[in-house]
Amino acid sequence: MKRRGQKGVMFASTKFYTVSQLNVNPIRGEIKRYYGAGHVKNLSYERMINEEILETLKSSKWIDRGTRIVVVEFVLFNYNSLMFDNVKILAELPPVGGIVTSHQFQAVKLHSIWSDADYSVFIAAIIFYLMTTFYTFEEIGELITIGSVKYLKSVWNLLDISVLLMSYLSLIYNMFHHKYLNGILEKSKENPNHFWSIDKICFWNLLYIDMMGICVFLVWIKIFKYISINKTMLQFSTTLKRCAKDLCGFAVMFFIVFLAYAQLGLLIFGTSHPDFREFGISIITLMRMFLGDFEYELIEEANHILGPIYFLSYVLFVFFILLNMFLAIINDTYGTVKDEVNQGYSKFGPYLAKILQKCFWWRKKDPEHNILKHTNDSKGQLPLKDSNGHSSDTFYPMTNEGSLPEDDTLRLRISELIREYFEDLPFDGNRLQRVHLNAKENDDIRRTKSGIKTTTVKYDTDESVRSALLEILIYVIFLITTTIVATASRHLYMFYFNQTLEKLFTGREMETNYGVEVRFEELVTTADWWSFLQYKFLDDLHGEMLSSTENETFSLNNKTNGKDGLAKWQRVVLKDNILLGPPRLRQIRVKENTCHVNEAFLSLTNRITLLEDVLEQLIADMDLILRNIEGKQKRTSKKE
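Conventions used here
- Residues numbered from 1 in each chain as written.
- Predicted model: local features only at pLDDT ≥ 70, side-chain atom pairs only at ≥ 80, totals over all residues.
- Heavy atoms only, no water.
- Helix = DSSP H or I, 4+ residues; strand = E, 2+ residues; numbered from the N terminus.
- Buried < 20%, exposed > 50% of the residue type's maximum accessible area, 1.4 Å probe, protein only.
- Contact = heavy atoms within 4.5 Å.
- Areas by Shrake-Rupley, 256 points an atom, 1.4 Å probe, with all protein chains shown as cover.
- Phe/Tyr/Trp six-rings, centres within 6.5 Å; stacked < 30°, edge-to-face > 60°.
- Axes fitted to C-alpha atoms, helices over the stretch in contact; angles between N-to-C directions.
- Left-handed = near helix turned anticlockwise from the far one by under 90°.
- Nonpolar A, V, L, I, M, F, W, Y, C, P; charged D, E, K, R; others polar.
- Core = buried A, V, L, I, M, F, W, Y, C linked by side-chain atoms within 4.5 Å.
- Domains from an automatic or database assignment.
- Pairing = 2+ DSSP bridges.
- Patch = residues over 30% accessible without salt bridge, like charges linked within 9 Å, V, L, I, M, F, W, Y side chains within 5 Å.
- Salt bridge = Lys/Arg side-chain N within 4 Å of Asp/Glu carboxyl O.
- Lys, Arg positive; Asp, Glu negative; His and termini not counted.
- Charge placed at Lys NZ, Arg CZ, Asp CG, Glu CD.
- Expected span 1.5 Å × (residues − 1).
- Polar contact = N/O pair within 3.5 Å; in protein donor to acceptor, adjacent residues only side chain to side chain.
- Disulfide = S-S within 2.5 Å.
- pLDDT = per-residue confidence, 0-100.

A. The overall build of the protein chain, seen in detail. Helix and strand content of the protein chain: 19 helices and 13 strands. Looking at the protein chain as a whole, 41% of its 640 residues qualify as buried. Partitioning the intrachain contacts of the protein chain with sequence separation of at least 6 by distance along the chain shows that 71% fall at a separation of at least 24. By element, 60% of the accessible surface of the protein chain is carried by carbon and sulfur atoms, the whole surface being about 36100 Å².

Here it is, written out as structure tokens:
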């Protein structure tokens, strides 16, 4: 909710601050998105002072009917793992009454890839950006060679451009990440009583991580470009290209039906079924139903008549009709492509088999065991068998497997499998005999016999094979370095950091004013929220702070006190995390004079509020009386 022209406005002794003054981002709650500007009240490091502040805010009706969201926020820094955690605990107050609670915990590393202590990450980053530069010049050369129009028609070229752009953006971000956070850390040491927000860097860090995730995904996807040297992989890729238009037409029809069911579910079940309360959530629910994840009982409870009809029609139309249409499109296209795709002679199999056999037998000195024979294929021809049915110059020896040692037989079979995987020339009676044809003649015969369209992959010379293998090797290195650079922004401790704080502040049950134990998500009234702040939150915040004796052994590596002499132990949570400034409360309110309420209803709410105050005072007096009675009983028992 964006507010303008409210600078300097006071409400219940709290001043209004703009987004730029607070240095924060818009907040996304469970109900809606809020702009961020609002009235702020800073807390303290001392519990007694915080109790007084909260009691004053409660008595002055700081949270009223004009409040839309209250945010408790603070920043922790862990010196053991060098991580920040931006903590926000939210309570939204919708116009219908009550509160809706939520929380946000976001961990951020202090170091970037350039300042990380892990030298392997630093080296991988250097290789990654050097190879990014290499691929940039390669793409520029290809663009100049074939022209911009033809270049942009290729999906792989568009993928390369996306990867390169994201790589350069990641370089820019990593250059200022550590510098910005290190500056926040130094400022917090100089002025520990000021709240230092890291919302901006958390937002950019989240974008950076998402961007690198997409970048790694695209780099992995590009592997399909290189594995098309095999006939099976070529069939898969060709099938996707052929059926793309049919799938687009099917997608239009599918999403029409899908969105219609989502809108129908929202209108029928939106007021009673949690999975259909919003249009976007309805779409997700239908996707889950598509995968078999659904709760039929809730659908039937929401509408006893239309619920079963809705469910059965959706299952019938989507599962049994649309899904089978989708499979039929792919199946028919694959069957057609399988008959059409025909590879020419490829030396990938023989070349890899030769390398494998050399690796297996490079130590053998006995000529009788050296069954590897070099082939003379300078003219691109396959060897012929001799009069005895054996080949004398092929590296696929026509030797009876029974005459070979067991390990040599295994190696021979492995090399044969590699060759058969990459090469599709037909066998005759003996599976190790090849047809004596060159690549062009063999391709012509295949085209003549089939009489259909063929697709050919040409790796018919050793030079082309070596060039392709070198290109694949370079790309694998680029893939590995990209993965290392992307994963360097994450750490296993980040998950446990968030989980620990979530369990501490919102994961355990608390006792309300009425003696009822509830979880954080079950808070309903404003009184419950005040109870959470005054008891549960303060207990969690101050309960694990270091004592004055433990302060003597606690060292923060020149983590000295602030200029005001603030004790270090007053800023430490869970004995390992230091507060970067005291926590603060932020309230976002509706604009003044925008709520029009009937006078009778307003009078009634005032009476109810007055009655609540009387009941709270009565409960407090009864509590005091009970404590006095207990004290008297204890003193009497001691005298006896």
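Structure shown, so let's carry the discussion forward.
B. Seen up close, the packing of aromatic side chains. If you walk through the whole model with that rule in mind, you get 33 aromatic pairs. A centroid spacing of 6.2 Å and a plane angle of 45 degrees characterise the contact between Y475 and F478, whose relative ring orientation is tilted. Separated by 3 residues within a single helix, Y475 and F478 lie in helix α16 (residues 462–487), roughly one turn from each other. F478 matches Y475 in its accessibility class, with the two residues each being buried.

C. Region of interest: the packing of helix α10 (residues 279–290) against helix α12 (residues 306–340). The geometry of α10 relative to α12 is characterised by a closest axis approach of 11 Å and an angle of 65 degrees between their N-to-C directions. When you trace α10 past α12, the crossing you get is right-handed. On the side of α10, the interface is formed by L286, M289 and F290, while α12 contributes Y310, F311, Y314, V318, F319 and L323. Residues of the contact of α10 with α12, tallied by class, amount to 9 nonpolar, no polar and no charged.

D. Expanded view of the environment of M287. With respect to the element layout, M287 can be found in helix α10. Given a relative accessible area of 40%, M287 falls into the partly exposed group.

E. Region of interest: the nonpolar core. F84, I89, W529, F532 and F537 are the most contacted members of the largest nonpolar core, which totals 82 residues. If you tally residues by element for this core, the top one is helix α6 (residues 199–221), at 10 residues. A domain split of this core shows at least three residues from each of domain 1 (10–111 + 493–544 + 566–595) and domain 2 (118–228 + 461–490). In this structure, F532 is in contact with I89, F505, M510, F520, L523 and F537, ignoring residues within four places of it in sequence. In this structure, F254, A262, L286 and F311 belong to the second largest nonpolar core, which totals 20 residues.

F. Here's a closer look at the pairing of strand β6 (residues 67–78). Burial within β6 is extensive, with 12 of its 12 residues counted as buried. Sheet topology places β6 next to strand β13 (residues 584–589); 6 bridges connect them, and they run antiparallel. Its bridge partner lying in β13, I69 is registered against I588. The sheet contact formed by β6 and strand β7 (residues 83–92) spans 10 bridges and is antiparallel. Counted as the bridge partner of E73 is K88 from β7. Bridge count for β6 against strand β12 (residues 577–579) is 3 bridges, and the pairing is antiparallel. Residue pairing in the sheet places F77 in a bridge with I578 of β12.

G. Layout of unusual backbone geometry. Positive phi, close to 60 degrees, is recorded for N23, a residue that is not glycine. With respect to the helices and strands, N23 occurs in the loop between α1 (19–22) and β3 (27–28). Overall, the relative accessible area of 26% leaves N23 in the partly exposed class. The backbone phi angle of K61 is positive, close to 55 degrees, even though this residue is not glycine.

H. Local environment of a negative patch on the surface. Together, E295, E297, E300 and E301 give the surface a local cluster of negative charge. With respect to the secondary-structure elements, E301 resides in helix α11 (residues 296–302).

I. Main features of the pattern of salt bridges. With the rule as written, the count across this model stands at 12 salt bridges. The closest approach of N and O atoms between D160 and K222, which form a salt bridge, is 2.6 Å. With D160 in helix α5 (residues 155–190) and K222 in the loop between α6 and α7 (223–226), this residue pair connects regions lying 62 residues apart in the sequence. Like D160, the residue K222 is buried in the burial classification. When salt bridges with common partners are traced through the structure, they connect E73, K88, D199, R584 and R586 into a single cluster.

J. Expanded view of the environment of L218. Inspection of the secondary structure puts L218 in helix α6. The spatial distance from the C-alpha of L218 to the C-alpha of L479 is 10.0 Å, given a sequence separation of 261 residues. When sequence neighbours within four positions are dropped, the list of residues in contact with L218 reads L159, S162, V163, M166 and Y475.

K. Main features of helix α9 (residues 244–269). For α9, spanning 26 residues, the distance from its first C-alpha to its last is 36 Å, which sits close to the expected 38 Å at 1.5 Å a residue. Residues of α9 that are buried make contact with α10, α11 and α12.

L. Inspection of the pairing of β13 at higher detail. A large share of β13 lies buried, amounting to 6 of its 6 residues. Of the two faces of β13, the one holding R584, R586 and I588 and the one holding L585, Q587 and R589 are both buried throughout. With 4 bridges joining them, strand β5 (residues 38–42) and β13 adopt antiparallel strand pairing. Within β13, the residue paired with K41 across the bridge is L585.

M. Seen up close, the side chain of S489. With respect to the helices and strands, S489 occurs in the loop between α16 and α17 (492–505). According to the relative accessible area criterion, S489 is buried, its value standing at 11%. Among the polar contacts made by the side chain of S489, one reaches the main-chain carbonyl oxygen of A486 at a distance of 2.9 Å. Sequence-distant contacts of S489, that is, excluding residues within four places in its chain, are made with K109, Y208, I209 and M494.

N. View of the state of the cysteines. Inspection of the entire model under this criterion finds 0 disulfides. Looking at C243, it has no disulfide partner, and the nearest cysteine sulfur is the one in C248, 9.3 Å off.

O. Layout of the side chain of D275. Inspection of the secondary structure assignment puts D275 in the loop between α9 and α10. Although D275 lies buried, it forms no salt bridge, and the closest oppositely charged side chain, R288, sits 4.1 Å away as judged by the N-O distance. Setting aside its immediate chain neighbours within four residues, D275 contacts I281, S282, T285 and R288.

P. Representation of α12 in the model. The end-to-end C-alpha distance of α12 is 49 Å, a good match for the 51 Å that 35 residues give at a rise of 1.5 Å each. Taken together, the buried positions of α12 are occupied by G307, P308, Y310, F311, Y314, V318, L322, I329, T333, V337 and E340.

Q. The arrangement of the confidence of the model for the protein chain in detail. Overall, the prediction assigns the protein chain a mean pLDDT of 77, with 72% of residues at 70 or greater. The low-confidence segment residues 363–404 (pLDDT under 50) makes 69 contacts with residues lying over four places distant or belonging to another chain. Segment residues 423–457 is flagged for pLDDT under 50; beyond a separation of four residues in sequence, or across chains, it makes 61 contacts in the model.

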